[in-house]
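Chain and residue survey
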Amino acid sequence: MKTFFIASNTFREAMRHRILYLLLMFAAGLIAVARVLGELTVGDKPKVVADVGLAGISLSAVLIGRFLGNTLVAREVERRTVFLVLAKPVARHHFIFGKALGLAFTIAAVLAFLTLELLLVMFLLTGEPHWHFAWNSVLAFCEALVITVDGISVG
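Read on for a plain summary of the structure. (Residues numbered from 1 in each chain as written. Predicted model: local features only at pLDDT ≥ 70, side-chain atom pairs only at ≥ 80, totals over all residues. Heavy atoms only, no water.)

**A closer look at the overall build of the chain**
The line we're drawing: Comment: elements are numbered from the N terminus, with helices defined as DSSP H or I runs of at least four residues and strands as E runs of at least two. Only protein chains enter the accessibility calculation, which uses a 1.4 Å probe. A residue is then buried if its area is under 20% of the maximum for its type, exposed if over 50%, and partly exposed in between. For this analysis, residues touch if any pair of their heavy atoms sits within 4.5 Å. Accessible surface area values rest on a Shrake-Rupley calculation with a 1.4 Å probe, where residue burial reflects the displayed protein chains alone.
Along the chain, the regular secondary structure elements total six helices and zero strands. Shown N-terminal to C-terminal, the secondary structure of the chain runs as helices and strands in the order α-α-α-α-α-α. Taking the principal axes of its C-alpha atoms as reference, the chain extends roughly 60 × 25 × 20 Å. Taking all 155 residues of the chain together, the buried fraction comes to 39%. Of the contacts made within the chain by residues no fewer than 6 positions apart, 77% connect residues no fewer than 24 positions apart. Summing over all exposed atoms, the chain offers an accessible surface of approximately 8,900 Å²; the carbon and sulfur share of this is 73%.

If you want it as structure tokens, here you go:
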């Protein structure tokens, strides 16, 4: 239960972070620009739009995991709020796991938004649903979790 409370607090804190919105707007803009890049190609327009969109989703997940994961615990130590939390009956592993879980929820929410945006763009372009793009988002989420856990342990 303690881990869930720390995770929900981390999720709310990460959703207020400016860099998250910057990376989200970057990825959303890249998906929108992918449509223009598709018009400039000679070959297969939907393939170019899908490739650029999926690359934007994967890149944003990794960058969010890296930037927020590196500063997650360090910011708590810098503001000295970690001492208030650990003075309560909360074990250190609950604190670290709660931080990682909250960041995982944040990455999942961002990936869900970006995947829905790409699905909408591809549906408007081809007229067919491309549900297999959801698997790419699941794999991008796993990739971002590896990056995030590495960043939390180093940071």
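**With respect to the packing of aromatic side chains**
Using the following cut-off: Planes of paired rings set the category: under 30 degrees apart is stacked, over 60 is edge-to-face and the rest tilted, where pairs are Phe, Tyr or Trp rings (Trp by its six-membered ring) whose centres lie within 6.5 Å.
The tally for this structure, following the rule as stated, stands at one aromatic pair. Note on Phe4 and Phe5: the rings are 6.1 Å apart at their centroids and 55 degrees apart in plane angle, and the pair reads as tilted.

**A short note on helix α5 (residues 92-126)**
The condition that has to hold: In this scheme, a helix's expected span is set at 1.5 Å multiplied by one less than its residue total.
Here α5 spans 50 Å end to end across 35 residues, near enough to the 51 Å set by a 1.5 Å rise per residue. Following α5 by one or two positions, Gly127 has its phi on the positive side, about 85 degrees.

**Quick word on a nonpolar patch on the surface**
The criterion, for reference: Patch criteria: residues need more than 30% relative accessible area and no salt bridge. Like-charged residues are merged within 9 Å; nonpolar side chains of Val, Leu, Ile, Met, Phe, Trp and Tyr are merged within 5 Å. The rule for a salt bridge is simple: a side-chain nitrogen of Lys or Arg has to be within 4 Å of a carboxyl oxygen of Asp or Glu.
Residues Val33, Val36, Leu37 and Leu40 make up a contiguous nonpolar surface patch of about 360 Å² in total accessible area. Along the chain, Val33 turns up in helix α2 (residues 18-40).

**Side note on the pattern of salt bridges**
Across all of its chains, the model carries two salt bridges by this definition. Of the charged contacts in the structure, one is a salt bridge between Lys47 and Asp51, with a shortest N-O distance of 2.9 Å. Here Lys47 and its partner Asp51 are both found in helix α3 (residues 45-78), four residues apart, which amounts to about one turn of the helix. Residue classification places Lys47 among the partly exposed residues on the basis of a relative accessible area of 47%. The class of Asp51 is partly exposed, set by a relative accessible area of 39%.

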